[in-house]
Amino acid sequence: MASTVVAAGIGLAAVGFAGRYLLRRMPNLSQRMAETVKKLDSQSLANSKYYKGGFEPKMSRREASLILGVSPTASKIKVKEQFKKVMAVNHPDRGGSPYIAAKINEAKDMLEK
């Protein structure tokens, strides 16, 4: 019985010291976490390969090429191949947005002219 009480006392002391250590380090940890999260957000946005911004009121060749992921001077064959890939992922019958599908069609029409 005495050994159980001693073991419980040592366990409580260990929990107390660990808690005190964490409380003393907490302000420093929270500051580091905030800095790390801010750094990760800025890096992930800077390295994103996706276009940042909405659609223009009237589609240009540049915007159409960004939507399909081809150069503005791409051949009709390349435009058609890329259109099939992009539309397969964004088709409304497969859970895609009808608005995005319309923009993809508009981009294909713009680049095939």
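It should be emphasised that the depicted structure is a prediction, and the values quoted were computed from it without experimental measurement.

## Things to note about the overall build of the protein
Scanning the protein from N- to C-terminus turns up 4 helices and 0 strands. Secondary structure elements of the protein occur, N-terminal to C-terminal, as α-α-α-α. The 113 residues of the protein split such that 18% are buried. Within the protein, contacts between residues separated by at least 24 positions form 48% of all contacts whose residues are at least 6 apart in sequence. On the protein, roughly 8,900 Å² of surface is accessible, and the fraction owed to carbon and sulfur atoms is 63%.

## Let's talk about the nonpolar core
Ala64, Leu68, Val70, Val79, Ile104 and Leu111 are the most contacted members of the largest nonpolar core, which totals 14 residues. Within the residue set of this core, elements represented by two or more residues are helix H2 (61-68), helix H3 (76-90) and helix H4 (98-112). When residues in this core are grouped by element, the largest group, 5 residues, is from H4.

## Remarks on the side chain of Lys103
By secondary structure assignment, the location of Lys103 is in helix H4. Taking the relative accessible area as the measure of exposure, Lys103 reaches 9% and is therefore buried. The residues touching Lys103, leaving out its near neighbours within four places in the chain, are Phe55, Glu56, Met59 and Ile67.

## Section: the UniProt feature "transmembrane region" (unreviewed entry) in the protein
The sites that UniProt annotates as "transmembrane region" (unreviewed entry) are residues 6-23. The span residues 6-23 shows a helical share of 100% and a strand share of 0%, and its end C-alpha atoms are spaced 26 Å apart.

## Some details on the pattern of salt bridges
In the structure shown here, the tally under the stated rule is 3 salt bridges. Taking the shortest distance from any N to any O, the salt bridge between Glu112 and Lys108 comes out at 4.0 Å. Residue Glu112 and its partner Lys108 are both found in helix H4; the two are separated by 4 residues, about one turn of the helix. Accessibility expressed as a relative area gives 24% for Glu112, which makes it partly exposed. Taken together, the shared-partner salt bridges connect Lys108, Asp109 and Glu112 into one network.

## Examining H4
Along its 15 residues, H4 runs 21 Å from first to last C-alpha, staying within 8% of the 21 Å computed at 1.5 Å per residue. Looking at H4, one finds that the buried residues are Ala101, Lys103, Ile104, Ala107, Lys108, Met110 and Leu111. Turning to H4, the residues buried within the fold contact H2 and H3. Where H4 begins, the side chain of Ser97 points an oxygen toward the backbone nitrogen of Tyr99, at a separation of 3.2 Å.

## Some remarks on H2
Buried within H2 we find Glu63, Ala64, Ser65 and Leu68. Summarising the contacts, the buried residues of H2 are in contact with H3 and H4. Gly69, located one to two residues past H2, shows a positive phi value of around 75 degrees.

Cut-offs used in this document
Residues numbered from 1 in each chain as written. Predicted model: local features only at pLDDT ≥ 70, side-chain atom pairs only at ≥ 80, totals over all residues. Heavy atoms only, no water. Helix = DSSP H or I, 4+ residues; strand = E, 2+ residues; numbered from the N terminus. Buried < 20%, exposed > 50% of the residue type's maximum accessible area, 1.4 Å probe, protein only. Contact = heavy atoms within 4.5 Å. Areas by Shrake-Rupley, 256 points an atom, 1.4 Å probe, with all protein chains shown as cover. Core = buried A, V, L, I, M, F, W, Y, C linked by side-chain atoms within 4.5 Å. UniProt positions renumbered as here; feature names shortened; annotations may be inferred. Salt bridge = Lys/Arg side-chain N within 4 Å of Asp/Glu carboxyl O. Expected span 1.5 Å × (residues − 1). Polar contact = N/O pair within 3.5 Å; in protein donor to acceptor, adjacent residues only side chain to side chain.

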